[in-house]
Amino acid sequence: QVTLVESGGGLAPPGGSLTLSCQASGFSSSGYIMGWFRQRSGEKRELVAEVASAGNPTYAESVKGRFTISRDNDRSTVSLQMDALKTEDTAVYYCNANRYGWGRTDYWGQGTQVIVSS
């Protein structure tokens, strides 16, 4: 069974830090782009960061310089280091794996809540 399991969400103050982790299983994650999306309450889901198997990370403009994505293909994990958190970062964060081939394939985690508040 294909699964993506997130961990590390929680409450942090503005200016604080959190690290999100995602464990993939049930598929060859090294063949997929992996990343993080987030969805604020009442808003559309948006890309935060993603990285291909060999590197080349990309970031949403709103998080550049504050968030860092990394992956470990041997452990089938992807992480998101979030620093200098802002209240606007409050959202449910979802781990994602995707690739193209006979159309786009997406796998999603269950989501982990991040709340940035004083």
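Look up: the structure comes first, before these words.
Residues numbered from 1 in each chain as written. Predicted model: local features only at pLDDT ≥ 70, side-chain atom pairs only at ≥ 80, totals over all residues. Heavy atoms only, no water.

## Observations regarding the state of the cysteines
Phase 1: Counted according to the given criterion, the structure contains one disulfide.
Phase 2: Across the disulfide, Cys22 is cross-linked to Cys95 (sulfur-sulfur distance 2.1 Å). An S-S torsion of about -85° defines the bridge between Cys22 and Cys95 as left-handed. Here Cys22, found in strand β3 (residues 18-25), pairs with Cys95, found in strand β9 (residues 91-100); they are 73 residues apart in sequence, far enough to count as distant.
Phase 3: By relative accessible area, Cys22 is classed as buried at 1%. (Disulfide = S-S within 2.5 Å. Helix = DSSP H or I, 4+ residues; strand = E, 2+ residues; numbered from the N terminus. Buried < 20%, exposed > 50% of the residue type's maximum accessible area, 1.4 Å probe, protein only.)

## Considerations on the pattern of salt bridges
Phase 1: In this structure the tally under the stated criterion is six salt bridges.
Phase 2: Across the pair Asp89 and Arg38 runs a salt bridge, and its minimum N-O distance is 2.9 Å. Linking Asp89 in the loop between β8 (77-82) and β9 with Arg38 in strand β4 (residues 33-39), this pair joins segments that are 51 residues apart in sequence.
Phase 3: Relative accessible area serves as the criterion here: at 1%, Asp89 is assigned to the buried category.
Phase 4: Owing to a relative accessible area of 4%, Arg38 belongs among the buried residues under this scheme.
Phase 5: Note that Arg75 and Asp72 form a salt bridge whose closest N and O atoms lie 3.1 Å from each other.
Phase 6: You can call Arg75 exposed: its relative accessible area is 53%.
Phase 7: The structure contains a network of salt bridges with shared partners spanning Arg38, Glu46, Arg66 and Asp89. (Salt bridge = Lys/Arg side-chain N within 4 Å of Asp/Glu carboxyl O.)

## Here's the deal with the nonpolar core
Phase 1: By size, the foremost hydrophobic cluster in this structure holds 27 residues, and its most contacted members are Leu4, Trp36, Val48, Phe67, Leu80, Met82 and Tyr93.
Phase 2: Only β3, β4, β5 (46-52), β7 (67-72), β8, β9 and β11 (112-116) provide two or more residues apiece to this core.
Phase 3: Setting aside chain neighbours within four positions, we find Phe67 in contact with Arg38, Val48, Tyr59, Leu80, Gln81, Met82, Asp83, Leu85, Asp89 and Tyr93. (Core = buried A, V, L, I, M, F, W, Y, C linked by side-chain atoms within 4.5 Å. Contact = heavy atoms within 4.5 Å.)

Functional significance is not addressed by these values, which are geometric in nature.
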